[in-house]
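Here is how the chains run, residue by residue.
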Amino acid sequence: MPNMSLKKNEMPSQDPNVRNKNFLEVALGYTEEQALDEAARCLNCKNHPCVGGCPVNVKIPEFIKKITEKDYEGAYQVIHETSSLPAVCGRVCPQETQCEKYCVRGVKGEPVGIGRLERFVADWHNAHVQEAPAKPASNGHKVAVIGSGPSGLTCAGDLAKKGYEVTVFEALHLAGGVLVYGIPEFRLPKSIVSKEVDGLKALGVKIETNMVIGRVVSIDELIEQYGFEAVFIGSGAGLPMFMHIPGENLCGVYSANEFLTRINLMKAYKEDSDTPIMPLAGKTVAVVGGGNVAMDAARCSKRLGAEVYVVYRRGMEELPARHEEVEHAIEEGIIFKTLHNPVEIHGGEDGYVKGMTCIQMELGEPDASGRRRPIEIQGSEFELPVDCVIMALGTSPNPLIKNTTPGLEVNRKGCIVVNEDGLTSHPSVYAGGDAVTGAATVILAMGAGKLGAKSIDEQLSK
Ligand code: FAD
Ligand code: SF4
Ligand code: SF4
């Protein structure tokens, strides 16, 4: 008998007033009892609309059925057929706009907690199954992967399983891309990412860190001098945007990417870290923007002891961040100044931020994006006393690879142009993830890495 409760099992989580002072994971995961109760809400629908909502078509009813049979490893294997990073996706996928959006249980009540169940299964596997994957015999073909985010890691893993000799070149000193430098520990523990990276190394994937492709060596050199027969570019979209308002060059103005990298990757808040960050305890921070990145920057600032405003030019309804992240931010004491926009940042004689002039906004008719256009209310300017401003306005691909790879076609946003197989305009060079789509999601990047691996295999095994 299915469980006909209209509500999802709640996710146990740390108390908001405790967690807003630490970097430990907020959501604690289902117990076995909760997972079984939630799995019993799935109706095992014949036409399973949830599967169509998942960008990599995880066989959702099949894995949930395995949970009801207490075959958790079996459930993991079902997910793993199509998703390489279940412990990551179960935590950070925007399920409310993907798989869960199409769940029939969501018509009258809440959808099945697919992401929470995926996380339960992946965590069970990680806690109980220790065996390292066996390294397949080499097929003699060499492939280079640029970038170690979800697209690059997935591409490398799929090719290594087929016997390709894969080398991942990563600009930073640690593999994982946004999973390690952007998404904070309290949403995605870094031990999960390092386990994935260790799994790839066990498959024989070489990871060369501190290697900026386009500076140290170019793509053409990888192919012509180092013997790589194909290249996959998964270099992401890490170039931050700014507002170009007066005062953006003051000390105490960060891009969200820089701020989060200092905190997540470099642990700048620890006394023994080589990388500094301005002390935020007792200070006031304004995070400008309304997406997931803005929520992460705001919640990190709060954990460093600041009073935090999120300044966003549209309303609460229009915030692009996941609902869950907004709810968590509100619970943790972040103050939302929606329908506000900064016009100028002021500094003191010491060159540090002292305040920000904002203007109030109202919403007009929908613009090209379909969202109502924010319009300034003339004469409504006011001062917001802040010590630090973090710009979380979006990112685009870094032009370095394009500028050093003759013939590589990009669109007007700087995103690499690919065909339906992920092939770029450069022969033997494939691309995927944020470098192609612009800032998107982990699961889409992972799907693109899978496509890249499949196409490279088809080309090289001819
Ligand atoms: P990335 O993860 O960006 O990895 C690219 C890698 O390439 C980086 O490690 C970079 O250092 C390296 N690189 C770049 N240039 C070079 C070069 N020239 N040579 C060598 N290496 C290079 N998505 C979700 O689904 N859910 C979320 O909750 C979510 N939260 C996010 C929070 C933040 C703060 C950010 C920034 C993004 C978030 N995203 C989220 C988006 C998601 O993380 C990205 O869409 C995804 O990581 C893209 O994967 P990727 O492999 O294309 O690139
Ligand atoms: Fe849902 Fe993401 Fe899992 Fe797909 S990978 S089923 S979208 S949580
Ligand atoms: Fe289960 Fe919902 Fe998918 Fe139906 S739509 S199979 S109830 S998860």
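Residues numbered from 1 in each chain as written. Chains lettered and ligands numbered in written order. Predicted model: local features only at pLDDT ≥ 70, side-chain atom pairs only at ≥ 80, totals over all residues. Heavy atoms only, no water.

Draft legend 1. Region of the structure containing empty space enclosed by the protein. Scanning the model with the defined rule gives two cavities of 30 Å³ or more in all. In terms of lining, the largest cavity is formed by 15 residues, of which the most central are Cys-54, Cys-93, Gln-98, Cys-99 and Glu-118. Counting residues per element, the ones that place at least two in the lining of the largest cavity are helix H6 (86–92) and helix H7 (114–128). Element by element, the count of residues in the lining of the largest cavity is highest for H7, at three residues. Its residues assigned to classes, the lining of the largest cavity comprises nine nonpolar, five polar and one charged. Taken as a whole, the second largest cavity spans an internal volume of roughly 100 Å³. Cys-42, Cys-45, Cys-50, Cys-103 and Val-112 are, among the 17 residues lining the second largest cavity, the residues nearest its centre. Among the secondary structure elements, those contributing two or more residues to the lining of the second largest cavity are helix H3 (49–53) and helix H4 (60–68). For the lining of the second largest cavity, the leading source of residues is H4, giving three residues. A breakdown of the residues in the lining of the second largest cavity according to their chemical character gives 13 nonpolar, two polar and two charged. (1 Å grid on protein atoms, 1.4 Å probe; cavity = no way out; pocket = protein on both sides within 12 Å on 5 of 7 lines; lining within 4 Å. Points joined across faces, edges and corners; volume = space filled by probe spheres on them. Helix = DSSP H or I, 4+ residues; strand = E, 2+ residues; numbered from the N terminus. Nonpolar A, V, L, I, M, F, W, Y, C, P; charged D, E, K, R; others polar.)

Draft legend 2. A look at the packing of helix H5 (residues 72–80) against H7. Axis separation between H5 and H7 bottoms out at 9 Å; the angle between their running directions is 110°. For the element pair H5 / H7, the angle class is roughly perpendicular. With respect to the hand of their crossing, H5 and H7 are arranged in left-handed fashion. Contacts from Tyr-72, Glu-73, Ala-75, Tyr-76 and Ile-79 of H5 reach H7 at Glu-118, Phe-120, Val-121, Ala-122, Trp-124 and His-125. A class-by-class count of the residues in the contact of H5 with H7 yields eight nonpolar, one polar and two charged. (Axes fitted to C-alpha atoms, helices over the stretch in contact; angles between N-to-C directions. Parallel < 35°, antiparallel > 145°, perpendicular 65-115°, else oblique. Left-handed = near helix turned anticlockwise from the far one by under 90°. Contact = heavy atoms within 4.5 Å.)

Draft legend 3. Here's a closer look at the site of ligand 3. Around ligand 3 sit Cys-42, Leu-43, Asn-44, Cys-45, Pro-49, Cys-50, Pro-61, Cys-103, Val-104, Arg-105 and Ile-114, and those are all the residues in its vicinity. Most atoms of ligand 3, that is more than half of them, are within 2 Å of grid points of the second largest cavity. (Near = heavy atom within 4 Å. Sits in = over half its atoms within 2 Å of the grid points.)

Draft legend 4. Region of interest: the layout of surface pockets. Estimated volume of the second largest pocket: approximately 940 Å³. Lining the second largest pocket are 34 residues, with Lys-8, Arg-116, Arg-322, Glu-324 and Glu-327 sitting closest to its centre. Secondary structure elements with two or more residues in the lining of the second largest pocket: H6, H7 and helix H14 (323–331). Element by element, the count of residues in the lining of the second largest pocket is highest for H14, at six residues. In terms of residue class, the lining of the second largest pocket is built from six nonpolar, nine polar and 19 charged. Here the lining of the second largest pocket gathers at least three residues from each of two domains, domain 1 (16–128) and domain 3 (242–393). (Domains from an automatic or database assignment.)

Draft legend 5. Quick peek at the packing of aromatic side chains. Here the structure, examined in full by the defined rule, presents six aromatic pairs. On the numbers, 4.7 Å between centres and 5° between planes, the contact of Phe-23 with Tyr-269 is stacked. One end of the pair, Phe-23, is in the loop between helix H1 (16–19) and helix H2 (32–39); the other, Tyr-269, is in the loop between helix H12 (256–265) and strand E7 (284–288), with 246 residues separating them in the sequence. An angle of 85° between the planes, with centres 5.8 Å apart, marks the rings of Phe-169 and Phe-228 as edge-to-face. Of the two residues, Phe-169 is situated in strand E2 (residues 165–169) and Phe-228 in the loop between helix H11 (219–224) and strand E4 (230–233); the sequence distance between them amounts to 59 residues. (Phe/Tyr/Trp six-rings, centres within 6.5 Å; stacked < 30°, edge-to-face > 60°.)

Draft legend 6. Seen up close, the sheet that holds strand E8 (residues 307–312). Read across the sheet, five strands follow the order E6-E14-E7-E8-E9 without closing on themselves; strand pairing throughout is parallel. Every interior strand has two partners, whereas the edge strands, strand E6 (253–255) and strand E9 (335–338), have only one. Strand-to-strand twist of the sheet, defined as the mean angle between neighbouring strand axes without regard to direction, takes the value 20°. Contacts between H12 and the sheet are confined to E6 and strand E14 (388–391), with E6 contributing the most and set at about 85° to the helix. Most of the contacts of helix H13 (residues 292–303) go to E8, to which it runs at about 165°, and overall it touches E7, E8, E9 and E14. (Pairing = 2+ DSSP bridges.)

Draft legend 7. Fine view of the site of ligand 2. Residues in close proximity to ligand 2 include Cys-54, Pro-55, Val-58, Ile-60, Cys-89, Cys-93, Gln-95, Gln-98, Cys-99, Glu-118 and Ile-443, which together make up its full environment. Of the pockets mapped on this structure, ligand 2 occupies the largest cavity. Taken together, the residues that form the shell around ligand 2 break down as eight nonpolar, two polar and one charged.

Draft legend 8. Region of interest: the pattern of salt bridges. All told, the structure shown has 23 salt bridges when counted by the stated rule. Its salt-bridge partner being Glu-69, residue Lys-65 comes within 2.9 Å of it at the nearest N-O pair. You can call Glu-69 partly exposed: its relative accessible area is 44%. With a shortest N-O distance of 2.7 Å, Glu-332 and Arg-303 are connected by a salt bridge. One end of the pair, Glu-332, is in the loop between H14 and E9; the other, Arg-303, is in helix H13, and 29 residues separate them in sequence. Classification of Glu-332 by relative accessible area gives buried; the value is 1%. With relative accessibility at 6%, the residue Arg-303 sits in the buried group. Among the ionic contacts, a cluster of salt bridges with common partners joins Arg-19, Arg-187, Asp-296, Arg-299, Arg-303, Glu-325, Glu-331 and Glu-332. (Salt bridge = Lys/Arg side-chain N within 4 Å of Asp/Glu carboxyl O. Buried < 20%, exposed > 50% of the residue type's maximum accessible area, 1.4 Å probe, protein only.)

Draft legend 9. Expanded view of the nonpolar core. Among the nonpolar cores identified, the biggest contains 66 residues, and Ile-60, Phe-63, Leu-117 and Ile-456 are the most heavily contacted of them. For Ile-60, the residues in contact, after removing those within four places along its chain, are Cys-50, Val-51, Cys-54, Cys-99 and Ile-114. In this structure, Phe-23, Val-26, Ala-268 and Ala-321 belong to the second largest nonpolar core, which totals 33 residues. (Core = buried A, V, L, I, M, F, W, Y, C linked by side-chain atoms within 4.5 Å.)

Draft legend 10. Representation of the domain arrangement of the chain within the structure. Taken domain by domain, the chain holds domain 1 (16–128), domain 2 (142–238 + 396–460) and domain 3 (242–393). Of note, the centres of domain 2 and domain 3, computed from C-alpha atoms alone, are 30 Å apart. Taken residue by residue, the interface counts twelve residues in domain 2 and eleven residues in domain 3. Where domain 2 meets domain 3, there are two salt bridges. Its salt-bridge partner being Arg-187, residue Glu-325 comes within 3.6 Å of it at the nearest N-O pair. At the boundary of domain 2 with domain 3, the tally comes to five residue pairs in polar contact (both at pLDDT 80 or more). Residues that form the side of domain 2 that touches domain 3 fall into these classes: seven nonpolar, three polar and two charged. (Polar contact = N/O pair within 3.5 Å; in protein donor to acceptor, adjacent residues only side chain to side chain.)

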